Amino acid sequence: MTHRISHWIDGKPFTVLSERRGQVFDPATGEVTGLVDFAGPAEVAMAVDAASAALPGWRATSLAGRTRILFAFRELLSAHRQELAQLITSEHGKVTSDAAGEVARAIENVEYACGAPQMLKGGFSENASTGVDVYSIAQPLGVVGVISPFNFPAMVPLWFVPNALACGNTVVLKPSEKDPSAANFIAKLFAEAGLPAGVLNVLHGDKVAVDGLLEHPDVKAVSFVGSTPIARYVYETGTRHGKRVQALGGAKNHMVVLPDADLDLAADAAVSAGFGSAGERCMAVSVVVAVDPVGDELVAKIAERMGKLRVGDGHRVESEMGPLVTAEHHSRVESYVDKGVAESATLVVDGRGVDVDGAHTGFWLGPTLFDHVRPSMSIYTDEIFGPVLCVARVDSFDAALELINANPYGNGTAVFTGDGRAARRFQNEVEVGMVGVNVPIPVPVAYYSFGGWKSSLFGDLHIYGPEGIQFYTRGKVVTSRWPDPATSKVDLGFPQTR
């Protein structure tokens, strides 16, 4: 039985029938479980109008008042974390334990946003010139748009929305149409926490909704996470319409294993980071760079661990890896396995045709491992975004570093080694935004900022943490003097400090 998923506008569900809708699936069965309304220009205008109308009141709300609502939301989110995790699994397919981890990381950022008043303090210089004080203040931008991806339907919106709200902005959130229900769930919790109507709106849909936010004159900034081609489009379109934009794109994350590394630790990390969430993570390890002579032994250890992975319905406690999100995405990822074979990479573990409890429906692809992958192969150059792990072999540390730095992406990377000097050189010289040392998925904690380099980021500021607060505010400097009127006179000279 299907249910309807509609927009959340001005503090309540938007129930007018939509002319366009999309299907939402249970990835484990392939069944349609919901129909999501797609916004047209009228719905975009209504959402932005609601956010604009709510802006003066929310901006005028004290920092203490905003923080109280964020604290209340944090408590509600924590209380309902398992319910939200189950909802994510139902539409995305990731196992519930992984979905629960996603919610936990989201809560960390909400907690950071609760402390945003500390980040919003300005500076003050008394008597910068005789009788003149100078001080700086950080003010909200206005209405901001958030466009989030399917792979983290709760965490990524909550990497943006709490910070934007803490800074005094109002928000229109456009989640992925593939798993839209988490966004509505979050909006309801915010309303229950006391967030005024119109401060957070949820707009479902496709390119029509995205373009509507990018082009609307009342939207002052846009935050985006997705593939590099779309990130580039969002950045170019948004900035062309005078908006501040941070657009995070794709990745091809390398994990270097040096000869002195603990190979059991490295193999565990490669499997965990390569196949968690079926590889549908922008921080997933895509390429293991084996610095020989460790290649043969490392590949054998990875393959051994892959054979023990339990692929199954994400709602089952014993499952470790679930299906891919849609049939279309499944076909795309599986086509890369075919390409890898055609390009003469060594197929060590083949995930095609995986048998999941005898089920013949659902979007299933088992863990897949290629060895002897060359940089010219499409399985190396393209972001696959699925459970396909590639092993590339090099003969030295320098060759590994050169391979990574030549890649157009620069999101995350890792090095496994017991040599502190090698690790320090790697972190200093690698041209990537987030680096792990014996840590395979170096996602920063909430009080640092997240973001890559090169074609993994379009814009100047990373997301959440201090740079996230900076993105959602603009600075103003006030120069103030309260003189004795008796001393006032006309002076056309250039102002000087005295």
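The structure under discussion appears in the preceding block.
Residues numbered from 1 in each chain as written. Predicted model: local features only at pLDDT ≥ 70, side-chain atom pairs only at ≥ 80, totals over all residues. Heavy atoms only, no water.

Enquirer: Help me out: how do you make sense of the sheet that holds strand β23 (residues 473-481) in this one?
Expert: Note: strands within a sheet are paired through backbone hydrogen bonds, in either parallel or antiparallel orientation. Strand order in the open sheet formed by three strands is β6-β7-β23, with antiparallel pairing between adjacent strands. The open sheet has two edge strands, β6 (124-129) and β23, and neither has a second partner. Averaged over all neighbouring strand pairs, the angle between strand axes comes to 30 degrees, with direction disregarded. As paired strands, β6 and strand β7 (residues 132-140) are joined by three bridges and run antiparallel to one another. (Pairing = 2+ DSSP bridges. Helix = DSSP H or I, 4+ residues; strand = E, 2+ residues; numbered from the N terminus. Axes fitted to C-alpha atoms, helices over the stretch in contact; angles between N-to-C directions.)

Enquirer: What is the right way to look at the packing of aromatic side chains in this model?
Expert: Aromatic rings considered in pairs are described by the distance between their centres and by the relative angle of their planes. Here the structure, examined in full by the defined rule, presents eleven aromatic pairs. With a centroid separation of 6.4 Å and 35 degrees between ring planes, the pair formed by Y235 and F458 is classed as tilted. With Y235 in helix α9 (residues 228-240) and F458 in strand β22 (residues 457-458), this residue pair connects regions lying 223 residues apart in the sequence. For Y235, a relative accessible area of 28% gives the class partly exposed. In this arrangement the basic side chain of R244 is found over the ring face of F471, its NZ or CZ atom lying 5.9 Å from the centre. (Phe/Tyr/Trp six-rings, centres within 6.5 Å; stacked < 30°, edge-to-face > 60°. Buried < 20%, exposed > 50% of the residue type's maximum accessible area, 1.4 Å probe, protein only. Lys NZ or Arg CZ within 6 Å of the ring centre and 35° of its normal.)

Enquirer: Teacher, can you tell me more about the packing of helix α3 (residues 81-92) against helix α7 (residues 181-192) here?
Expert: In helix packing, the relevant descriptors are the interaxial angle and the interaxial distance, both defined with respect to the helix axes. Interhelical geometry of α3 versus α7 gives an angle of 160 degrees and a closest axis separation of 9 Å. With respect to α7, the axis of α3 lies roughly antiparallel. By crossing handedness, the relation of α3 to α7 is classed as right-handed. The segment α3 lies against α7, with E83, L84, L87, I88 and E91 engaging S181, A182 and F185. Looking at the contact of α3 with α7 residue by residue, the class counts come to five nonpolar, one polar and two charged. (Parallel < 35°, antiparallel > 145°, perpendicular 65-115°, else oblique. Left-handed = near helix turned anticlockwise from the far one by under 90°. Contact = heavy atoms within 4.5 Å. Nonpolar A, V, L, I, M, F, W, Y, C, P; charged D, E, K, R; others polar.)

Enquirer: When you look at empty space enclosed by the protein in this model, what are you seeing that I'm missing?
Expert: If you walk through the whole model with that rule in mind, you get four cavities of 30 Å³ or more. Taken as a whole, the largest cavity holds about 110 Å³ of empty space. Around the largest cavity sit 15 residues that line it, and G279, A284, S286, F385 and G386 are the ones nearest its centre. Looking at the lining of the second largest cavity element by element, the count peaks at three residues for α7. Classifying every residue of the lining of the second largest cavity gives nine nonpolar, two polar and no charged. (1 Å grid on protein atoms, 1.4 Å probe; cavity = no way out; pocket = protein on both sides within 12 Å on 5 of 7 lines; lining within 4 Å. Points joined across faces, edges and corners; volume = space filled by probe spheres on them.)

Enquirer: Quick question: what am I supposed to make of the pairing of strand β5 (residues 31-37) here?
Expert: Taken residue by residue, a regular strand's side chains alternate between the two faces of the sheet. Here strand β1 (residues 3-5) runs beside β5; their pairing, made up of three bridges, is parallel. Residue pairing in the sheet places H3 in a bridge with G34 of β5. Two strands pair when backbone bridges link them, and strand β4 (residues 21-26) and β5 are joined in this way by six bridges, in the antiparallel orientation. Its bridge partner lying in β5, G22 is registered against V36. Between the end of β4 and the start of β5, which pair antiparallel, lie four residues, with G30 showing a positive phi angle near 80 degrees.

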